[in-house]
Structure formats: C-alpha cells, structure tokens
Amino acid sequence: MPDGFALAVFAAKFSVLAAALAAAGLGWAVALGGDLARRATPCLVAAAALLAVLAYGLFLLAVNAQLGSAWANALDPVTFSWIWPGRQAQAIGLALGLGAVIAASILRIRALGLAAAMLIGASFALSGHAAGLEDGRLAQIGVALHGLAAAFWFVAPLLLWPRGDHRDASAVSQFSAVAVWVVPILFIAGVYLAWRLAGGLSELFSTAYGQLLLVKLAAASAALALGAVNKLVVSRRMAGAPSQGRRLLKLSMSADGVLFLLALGLVTWATTITGPAS
C-alpha cells in the first residue's frame, strides 16, 4: 500500500496532467477557429492554466516532502536543489505553453494557440520515464505527440457539451473532422509508448506496470470508439433531430470524460506508484 507521500505525489501529478491537457486542448480549439474557438473563452483558458500552475507547485512540494520523509521538509531548499534540475526544463516548457495559450485566447491568434498546445505537449516529454530511457529520444517524441493528440480529445467534453444553441451541431462537426486525423496519432503513439516504457512485449503483459498501461490503453481506446459513434450517429441526430441529438451527446461526452479520466489516472498511477520493472 503506498504511503501518504506517494498518494500526495500521485494526486498532484494527476491534477497537473489534467489541467495541462485541458489548457493544451483549449489551445487546439483556438487554433482551429470557428465555433470551437468561440467556446475556448479567455476565462476558461486562464482557469485551466492557473490550475496547472498551482498543481505543479503542489507536485514539487509533495515530491520534496517525499524525498525528505517528512511534510515539514516540503520547503527544504537542500532537497529541492536535488529535484529541481530534473524538472526545470519541464517547468519552463509548461510555463511558456500556458502563457502562450492565455495570450492566444485573448488575442485570437490561431498559430499561437497551436504553438501553445505543442509546447505543453512537449513539456510532458522533458521529465519522467521516457526522458530516463537510454536512447529514449524516439520515446520522448512519442510522449510529446501523444500528449498533443490526447489534449485535443481530453477537452472534448468541455467544448462539445451542448449549450442548446445553433452552434452545437457545427462544433461537433468541426471536432469530428479533425478527430479523423488525430485519432490514429493518439492510438499509434499510445501503443508504441506502452511497449517501449514497459520494456518489451513480454513485460507489457507480465509486469504490473505493463498491465496498467494496457488497461489505460483499453480505456482510451473505448473513448476513441465513442468518438466514432459521435461522428457516425450523434452528429446526424444533431442535424435531423436536435433535441435527441443533444441528449445523446450529453451521454457520450459524460462517458468520454469518465474514460479519459480513468486512462489518465491509470497512467499516473503506473508512472508514480508502480513504476517500471527494474
């Protein structure tokens, strides 16, 4: 059973990833323009960015306390000097991405929204297991691409939840048109990373770390399958029978959100609590 320090690190890291993915996803929305961009309001973007910053600060404090084996050591500068070098590049990349997405949402600069999403996605690769792999450059690229693609999907419930206006159907249609290209990247990168981080095909099935990554992959795949339902069924109902279409969309987005939070929780647990086989 993990101790209180490990659980605190898990909770903080999960919060960082969730808020950062939401911010990057909103950057995607700004970049795409149209009705998706209209729903990525500056207040929503700023809230996601602020949550990411606060969660990252709590994450660093929790890691510091864990290293010092006491909550009183959360602010210890000595132990902090040990953990900061491995987090510095990630923190800077994340901060730049969050600042850029706020600016993009205010100024409505589409290219800046995409750049922000890419920066946040890249920040995920600057620390963690992929960064620690020997000859792990390809794995880091995979993490960055996976993060960028996952952010697009993660924010779907926020962007597509029906408002009851004429933009509901067009937002779903716009999202689905891009999802056709994003889904293959997300799936292929997810499969590759599960295999690479577990250490091989055998370890993927035989170790607790690998099995958690497989369950995470299954949860994410189920969410992607719901996306196909949205494109093939819900979008048509939205056009032909809007009231029924909105009800179906609410159900779909609720299930989508639960599945992606589950996938995020599983990968956070695997990388924070379980860890790869030695």
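Structure shown above.
Heads up: these notes are all about the structure in this document.

Reading the values: the criteria
Residues numbered from 1 in each chain as written. Predicted model: local features only at pLDDT ≥ 70, side-chain atom pairs only at ≥ 80, totals over all residues. Heavy atoms only, no water. Salt bridge = Lys/Arg side-chain N within 4 Å of Asp/Glu carboxyl O. Helix = DSSP H or I, 4+ residues; strand = E, 2+ residues; numbered from the N terminus. Buried < 20%, exposed > 50% of the residue type's maximum accessible area, 1.4 Å probe, protein only. Axes fitted to C-alpha atoms, helices over the stretch in contact; angles between N-to-C directions. Parallel < 35°, antiparallel > 145°, perpendicular 65-115°, else oblique. Nonpolar A, V, L, I, M, F, W, Y, C, P; charged D, E, K, R; others polar. Core = buried A, V, L, I, M, F, W, Y, C linked by side-chain atoms within 4.5 Å. Contact = heavy atoms within 4.5 Å.

Let us now look at the pattern of salt bridges. On inspection of all chains with the given rule, the structure shows five salt bridges. Of the charged contacts in the structure, one is a salt bridge between D35 and R167, with a shortest N-O distance of 3.1 Å. With D35 in helix α2 (residues 34-39) and R167 in helix α9 (residues 167-198), this residue pair connects regions lying 132 residues apart in the sequence. Assessed through its relative accessible area of 31%, R167 is described here as partly exposed. Beyond isolated ion pairs, a larger network of salt bridges with shared partners links R39, D165, D168 and R246.

Interaxial distance between helix α3 (residues 42-68) and helix α4 (residues 77-107) falls to 10 Å at its minimum, and their mutual angle equals 175°. As far as their axial angle goes, α4 and α3 are roughly antiparallel. For the contact of α3 with α4, a count of residues per class yields 21 nonpolar, four polar and one charged.

This paragraph deals with unusual backbone geometry. Positive phi outside glycine occurs at S69, with the angle close to 60°. Following the sequence through the fold, S69 ends up in the loop between α3 and α4. Overall, S69 belongs to the exposed group, its relative accessible area being 57%. Even without a glycine there, the phi angle at R108 is positive, about 60°.

In terms of nonpolar packing, the biggest core is built from 79 residues, with W28, I120, F152, W153, L160 and F175 touching the most fellow members. Ranked by residues supplied to this core, first place goes to helix α1 (residues 4-32) with 15 residues. The contacts of W153, once residues within four sequence positions are left out, are F175, A179, V183, L186, A223, L224, G227, D256 and F260.

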